[in-house]
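Architecture at a glance
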There are 2 protein chains.
Amino acid sequence: MELDERKVKILKAIIQNYQETGEPVGSRTISKYTDLNLSSATIRNEMADLEEMGLIVQPHTSAGRIPTDQGYRLYVDQLMAEKDREVAQIKDFMVQRVNRLEQLLRQIARFLATNTNYATMISAPSVSNSKVKFLQLSRMGTDKLLVTVVVEGNIVKNTILDMDRTMSDEDILNLGFHLNNTLNGLTMAQINLGLITKLKEVAGSNADVVEKVLEAVADAISMEGEVPIYTSGATNIFKYPELTTDDTASQIIGTLEEKQQLAQLLTANLGDEDKQGIQIYIGNENSVQAMKDCSVVTATYELKDGLQGTIGIVGPKRMDYDKVVTILKNVMAQLDTMFDKK
Amino acid sequence: MELDERKVKILKAIIQNYQETGEPVGSRTISKYTDLNLSSATIRNEMADLEEMGLIVQPHTSAGRIPTDQGYRLYVDQLMAEKDREVAQIKDFMVQRVNRLEQLLRQIARFLATNTNYATMISAPSVSNSKVKFLQLSRMGTDKLLVTVVVEGNIVKNTILDMDRTMSDEDILNLGFHLNNTLNGLTMAQINLGLITKLKEVAGSNADVVEKVLEAVADAISMEGEVPIYTSGATNIFKYPELTTDDTASQIIGTLEEKQQLAQLLTANLGDEDKQGIQIYIGNENSVQAMKDCSVVTATYELKDGLQGTIGIVGPKRMDYDKVVTILKNVMAQLDTMFDKK
DNA sequence: ATTAGCACTCGATACAAATGAGTGCTAACA
DNA sequence: TGTTAGCACTCATTTGTATCGAGTGCTAAT
């Protein structure tokens, strides 16, 4: 069976109509909806073909057709002509200066949620491969040590250590100086056992403190895999009846709330060069079981210094891919200019 | 109309039965359910009285009775005999050492959500009246200054400042030393204009840096009113049919996700000595419009140094107040011992 | 004061009929 | 040969109707 241009047009019409109404779409609708000027009967024949090809299905006899995951995949891969709307309003948002990254991310999530009517999630930039930029030891009280680590991208992390015994101010100063010099510019991978042993030797009787400090540094760099994730518009899910049945809504919202599983989804492609930019997961293509009836569109953003994070949009399979992709691209562009300027 | 003991017993029975089943409860049920040995007819008479007093209502003719907000209020205020169950399992949770406050709070939220089957929220300790404990200035690169502020309760806050011009290391050291000595132990309220002017004078040409640093300190102390709030078990709401109607579920979950309004609810009583401990808001008694069909139980916890936060449990009006209060008290006790020991 | 009995109310449930959107197929047509 | 009108058929949904039963209020008897 060949997929000629007319079939493509009909498939496109079905997808677009279904995405607006959420109802299975019948041959008569297509006949009137499009500029093909074909009777419903002809459309029916074509539809039968499309169904045979696995691009659309009937939920039950005597119902219209809805696209299959495969149908959407075709649409997304081949047919998506990007619109250049939505640009204007994006330009305006965030006029107020945002100095905190966290707030910025929250704002973006909220913006996307209200403008797309889908649920939105965004992961904070991860510093997995980032370098130590600065390290500071300060004594607090008699037996506590404040370790401040700054990694590339100016992300600051603090840890307060209990020291087993008192160290002299001079020792602390020296140790700090030494550690700073040694670790500066290194990634986690580069802080190997040899280096650690050497540091401990130099520290002499303070080797135990060095160990604790290094732990803190490791913590700061790896973030213990706990990338903060912000979500918004989870309740948009309720706008799509096909997701409100049974407990699917409950599952989706639960997943969005707990964030645990989202990390997996959002950080999956971070290292992968090929998977940069925008990815679309339709139905079962995404790894989160609770979202098997959804589609997820993700986009990787990058601040300077290789700091990367991901934005994700969760909606029904009939989501307006076109619009979502456009709006995401624009937000990305916005982010780029924001961080280039700075 | 007088509220004699028998009426109270019947009211109690109605509330308890309704809280288990979620269905309006009829006279016959009560007649068998209780140890009063009264016929359903007698119960009916009493019920009519209770209804007249505004403590229970019929959702419609030919249905059983359900408690009104007033009825619950009476129950909560007078009748709640605290059970001492649930203690055992609480003791066990959190054996794994939790070093981060954030993680601890998340864990508590999750624990409460799974054990009560209601939605849970918890606000991080607020430092509104806390004192500066430690302050550290460090140069980063040529023109950046890292300000690290530790306030009571060991909450650390960092800010990276751009300096307009380069300061010598010695100047930075001196300034840091001086600021630390001056501000140590002060609350925000105590850092007044006189003090600021004096600090600036001493700093001489670096007065502008002092100003920026003080801003950062103020930021750290006040947290800009943005208390982090963690939620868990929002989807528990779906377990209660009476909250799943219309878009109430959507509203409640939306409120829980956005957190904005929760802050209001959770921080409202923080200063108030009288309102310490456990508070119960039934129906409209709480200030959040979206939760007018819910009850909210809040408890204020206190770490050392006057750091206070609030835990909140959100459920249907027929929630098991008794259980919730007991479990909350136990968690509080747990927290107390954790932070006293440390 | 309590209770048995009874008529009444009204939401819930079940079932049948009507509705109508949509299909597949066939025969006629350009 | 591709297109279309027409028609019989399917089946989820809607509508209407009868029944059921839990629960009430009232009255009269105990």
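Residues numbered from 1 in each chain as written. Chains lettered and ligands numbered in written order. Predicted model: local features only at pLDDT ≥ 70, side-chain atom pairs only at ≥ 80, totals over all residues. Heavy atoms only, no water.

A word on the interface of chain B and chain A
Contacts between chain B and chain A engage 33 residues on the former and 33 residues on the latter. Both faces combined, the contact of chain B with chain A buries some 2,700 Å², and carbon together with sulfur accounts for 50% of it. Our enumeration of links across chain B and chain A arrives at 2 salt bridges. In this structure, the salt-bridge partner of B:R110 is A:E258, at a minimum N-O distance of 3.2 Å. One can count 14 residue pairs in polar contact (both at pLDDT 80 or more) joining chain B with chain A. Within the residue set of the side of chain B that touches chain A, elements represented by two or more residues are α6 (101-116), β4 (132-140), β5 (144-151), β6 (155-162), β7 (229-232) and α11 (248-258) of chain B. (Contact = heavy atoms within 4.5 Å. Buried area = accessible area lost by both parts, 1.4 Å probe. Salt bridge = Lys/Arg side-chain N within 4 Å of Asp/Glu carboxyl O. Polar contact = N/O pair within 3.5 Å; in protein donor to acceptor, adjacent residues only side chain to side chain. Helix = DSSP H or I, 4+ residues; strand = E, 2+ residues; numbered from the N terminus.)

Here's the deal with the protein's contact with DNA strand D
Taken together, 20 residues form the shell around DNA strand D, and within it A:R6, A:T42, A:S62, B:S27 and B:R44 come nearest. If you look at DNA strand D and keep only atoms within 4 Å of the protein, 75% of those are sugar or phosphate atoms. The separation between a phosphate oxygen of DNA strand D and a polar side-chain atom of B:R65 is 3.1 Å. Within the residue set of the surface near DNA strand D, elements represented by two or more residues are α3 (40-52) of chain A together with α3 (40-52) of chain B. Here the residues of the surface near DNA strand D are counted per class, giving 4 nonpolar, 12 polar and 4 charged. (Near = heavy atom within 4 Å. Nonpolar A, V, L, I, M, F, W, Y, C, P; charged D, E, K, R; others polar.)

Observations regarding helix α8 (residues 193-203) of chain A
Residues and elements named next belong to chain A. Taken residue by residue, α8 has L195, L199 and A203 as its buried positions. The arc enclosing the buried residues of α8, seen along the axis, measures out at 70°, which places them on a common side. Across from the buried face of α8, at angles greater than 90 degrees, the exposed residues are L193, K198 and E201. Remark: G204 follows α8 within two positions and exhibits a positive phi of approximately 65°. (Buried < 20%, exposed > 50% of the residue type's maximum accessible area, 1.4 Å probe, protein only. Arc of directions from axis to C-beta.)

Observations concerning the sheet that holds β5(B)
Residue and element names in this part refer to chain B. Pairing in this open sheet of 3 strands is antiparallel, and the strands run β4-β5-β6 from one edge to the other. Across the chains shown, the open sheet's two edge strands, defined by having one partner strand only, are β4 and β6. Averaged over all pairs of adjacent strands, the angle between their axes in this sheet comes to 15°, without regard to strand direction. (Pairing = 2+ DSSP bridges. Axes fitted to C-alpha atoms, helices over the stretch in contact; angles between N-to-C directions.)

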